[in-house]
Each structure stands twice: as C-alpha cells, then as structure tokens.
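The chain contents come next:
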Amino acid sequence: METPAADISHLPLPPGSSGLPLLGETLSFIQDTGKFLADRRRLHGEVFRSHVLGDPIVFLLGPEANRWIFAGENKYLRNRWHLSARKLLGKQSVAMLNGGAHLDRRRLLAPHFTYAAMRHFVPRIEALVHRHCEQWLSGTQPFKAVDAVRALVFEVAIVLMMGESPVDAAYMSRLFKKWAAGLFAAVPLDLPFTTFARGVAAEKEMRAYLEPMVVEREKLAEQPPDTLGSLLSARDEQGRPLPREAVLDELQLLLFAGHDTTVTATSNLMMLLAQHPEVLERCLREQQELAGQGPLTLETLRAMPYLHQVIQEVMRVIPPIAGAFRVTTQDVAYGGYRIPKGWQVSLSIRASHQSAPWTSPERFDPERMGPERCEQKPQGAYIPFGGGPRVCVGQHFAMVEMAVVAALLLRGYQWELVPGQDLSPIPFPIPLPRDGLLVRFSRR
Ligand code: HEM
C-alpha cells in the first residue's frame, strides 16, 4: 500500500480514457456500471482512470484499495458528491461536511444510531410491518413489492427521525422519490421537465412541509428521544444550537440515505428468498424454533444467525450502493500511478463483492457468511456499508429493520414472484428489480 509521497511527479497517470468532451464516459457508466467496470478491469487491471459525472476519476478496485480509501479520509482524500447531488443535498448535512465539522456531526448523531439504541424501535417497526402486511393482503394482487416496501420503509424512517410528528408519509414519499431521482441526474440541467428540475421543485416543497414541524418542535421545553430531538438539543462550545437550515439539511439527508438503500436490500431479500426455496426453508425452520417467544426484541433478533447471514449475502450479491466518490486533496500515489489533486477517486463496493477473494461471486450462498468462512476474508472485501470515518451512520438501524421485516414476513406470510417479469436490477443508481418485483402475497 502506498501513502502520499513527497515527489511523485515522475509517476504516470493510471491507464484509461477521458471519453467525450464534457460528458466524458458518463453514459456508459450510468447505463451499466457493472459492465463499465468489468470491461475496464479486464483491459487495465485494478487501477484505471475515466471521466464521469463531470470530473476526471480514478477507479480503484479490491480490498487493499478500499482500505487505502478509508484510511485516506481527511488526509489525502475528502468526500465529494457528483454535481447534481452537490446542488440538491443540503450543504450542512453530514454527507456534505468534511474534516472536523464532519467528525463533530458524527459524534452528535452516533448515540441515536448504536445497536442498543435500536431497542426502542423494534416494537414500533413490528407494529408498522403488521399494519402494512395486512394492507398488502387486502389490496390488489399481484402488486409491486418495491412500491409496497418503499411505503413501509419510509414510515419506519419517519418514526425514527421524527417520532410522533404528524407527517403525511405517503405525500412525503412521493416528493422524496422525485428529489432522489434529481440527485442522480447525469447533468444538473435546471430546465422545465428535466429530472433535475423536478428534483429541485420536490426539494423545495419538502422543505416547506418539514420546516413548520421543526419550528413547532423548537418550542418544546424537552425534546422527545428521536433524531430530530437530538439535532434540536445539540449545542456547540458557545452554547449555540444548530442553525435551523442545518437541522433541515440533516433531516432530509438522513431520510434520503436510509431510504432507497433499505428498500433495495429488503426487496432483493424478498426476491432472492423466493428464488431459493432451500434458503427460505432454512429461514423458516429458524423462525419456527423461536415460535412462542412473544414480540420481537433485540435478543430474539440475535437468536436468528442464519437470517442475518442471508441478509448479509443479499447485500453482497446486490449491494444497494454500488460505490462512493472521494476527491484527492493533493497529488497522491497509488499502485505505481499518480492521481492528481482534485481528481475523483471511486470506492467500488459492487466490484469488490463480485471478484476475488469471493469464489463464484455471482452465486447467492448465505453459507459463505457463516463466521468461520467470513473471518478468513481480508478487511475491505465486504463493505456494503462503506468503511472508515464515513461508514454508514444507519447500519445498525438498517440491519435491525431488515431483520424485523424479514422475520415477520417469514412467520406470517408467503409471496410468489409473478412469472415473466424482468427481475434484473436497474443498473443505476440503485439496483431495484426492473419491473418493481411483482408478487402475489398471501397468509402462510
Ligand atoms: C441497507 C441499507 C443501507 C446501506 C447498504 C447503506 C450504505 C451506506 C454506505 C455504503 C455509505 C458510505 C458512503 C460513502 O462512503 O460515501 C453510507 C453512508 C451513510 N448512511 Fe447508509 N446505508 C444504509 C442505510 C442507512 C440508514 C437506514 C441510514 C439512516 C437512518 C443511513 C444513513 C447514512 C448516512 C447519514 C451516511 C453518510 C455518512 C457520512 O458521510 O459520514 N444509511 N451508507
């Protein structure tokens, strides 16, 4: 592994191409990121350059590269989102902050997102899952599971972040979908009818909806124990609260970061279980062994090791986030190449999950997530939640939520995939099943 060197000007740039003026190679990257990376890996190896989403970029593949990226945060790298996201994500949210401000915000959020802090949410998630599943049963059959899971996950997130605040989850979820689409627009063209312009409009509407609720909450003498409460209670060294803009930026970011990711993982979990009856059968046996233990708790969830292996394997085969971007803060050397200051560096999560040290990586095999086999993998080989100082804030929340949803689905219901639909994942930005995962849902 190489660290920033004093004089690296003699080193060559990584191999690769900058593509077309302005657009670079953005279109082929967006059309099929997996193929884009695989083609170039075959041609150039584990380090290559390109030009996507508005900037020159170096792709680094493999566990060692991942560790180098995690170790470089705030040293030779800092976070940078692509152009559309930079315009649409609040500038004062944790994902946009860097250096000391980023660490301070992480410290502020951390207590709300520990595994132990999820204890209070388990019964609330359980109640929401029951309610949504009963609605799925009584609604039209077949239906798109992705839409149904989206509505559920959004309501769960609102409960975690905003407690009992009277949020119209369905309305917010619609705005949210447009905003999130705008965030991933290839070019931030703010012209009528573009995806980006719809995203901008949705963001404004969402903020106008959330702001009065935040104002009401500011008036409370004591804040309820939810994420908004923690943001409103925070004080800096001079005893000043976070500006309201920062609170709103953070709230929106957290809703965004935890939404499509969890929807994707949960939908793909439903799909892969339906496609692998032997895995489903083993999950059912595990649930039957726990039958009669009453409502779910963190303790009962911990007694479901196989289900956790399955969830982990779902996120290995189809990681909800394919990768993330950083930018170099100085000329830096890696793998015998020079990466100039100001270039993007890509953390490639999907590529890491689909190559060595994983054997037959395309195969869905929860056995490989068993402790004996998993421990042999080098650090950086399995990174669905990223790593280093920017490791996912909501990873415990996501794992607990997915385990509760999966356990309750297994215990009470069954679902069949409607034949003839396209189950291949959308290549960008989030690998949801293309036709929305059409299922027939019934009571077990
Ligand atoms: C299956 C579900 C999820 C997956 C796979 C996932 C994945 C990730 C990944 C890979 C990153 C790192 C991005 C980077 O390195 O730039 C990340 C960051 C983040 N995640 Fe998640 N996430 C999930 C759920 C959640 C949830 C439920 C929340 C909040 C409730 C959340 C909040 C965040 C935040 C705030 C960040 C930014 C952290 C920072 O910049 O310091 N995520 N997530």
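Quick note: structure is the one above.
All values derive from a computational prediction rather than experimental measurement. (Residues numbered from 1 in each chain as written. Predicted model: local features only at pLDDT ≥ 70, side-chain atom pairs only at ≥ 80, totals over all residues. Heavy atoms only, no water.)

1. Considerations on the sheet that holds strand β10 (residues 438–443)
Note the threshold: Any two strands are treated as partners once DSSP identifies two or more bridges connecting them. A run of H or I in DSSP counts as a helix once it spans at least four residues, and a run of E counts as a strand once it spans at least two, with each numbered from the N terminus. Contacts are assigned to residue pairs that have any heavy atoms within 4.5 Å of one another. To get an axis, fit a line to the C-alpha atoms, keeping to the stretch in contact for a helix; angles then go from 0 to 180 degrees between the N-to-C directions.
Strands sit in the order β4-β10-β9 across an open sheet of three strands; the sheet is antiparallel. Every other strand in the sheet has two partners, leaving β4 (143–144) and β9 (413–417) as the edge strands with one partner each. Relative to β10, β9 runs antiparallel, the two sharing five bridges. Bridge pairing in β10 links Q414 to S442. The strands touched by helix α6 (residues 121–138) within the sheet are β4, β9 and β10, with β10 carrying the most contacts at an inclination of about 105°.

2. With respect to the coordination of the iron atom of the ligand
So the rule is basically this: Counted as coordinating are nitrogen, oxygen and sulfur atoms within 2.8 Å of the metal, or 3.2 Å for Na, K and Ca, while water is not included, which may make sites look incomplete.
Just one protein atom coordinates the iron atom of the ligand, and that atom is C392 (SG), at 2.3 Å. Residue position: C392 is located in the loop between α17 (371–374) and α18 (395–412).

3. Focus: the environment of A303
Within the element layout of this structure, A303 appears in the loop between α14 (298–302) and α15 (305–317). A303 sits 17 residues away from E286 along the chain, and the two C-alpha atoms are 8.8 Å apart. With residues near it in sequence (within four places) discarded, A303 still touches E286 and L290.

4. Details of helix α11 (residues 244–257)
The line we're drawing: The length a helix should cover is 1.5 Å for every residue beyond the first. Think of it in three bands: with a 1.4 Å probe and only protein chains considered, a residue is buried below 20% of the maximum accessible area for its type, exposed above 50%, and partly exposed in between.
In a regular helix each residue adds 1.5 Å, so 14 residues correspond to 20 Å; α11 covers 20 Å between its end C-alpha atoms and thus fits that length. Counted residue by residue, α11 has eleven buried out of 14 residues, so it is predominantly covered. Every buried residue of α11 is listed here: A246, V247, L248, D249, E250, L251, Q252, L253, L254, L255 and F256. Those residues of α11 hidden inside the fold are in contact with α5 (99–109), α7 (145–162), α8 (169–183), α9 (195–218), α10 (227–233) and α12 (260–275).

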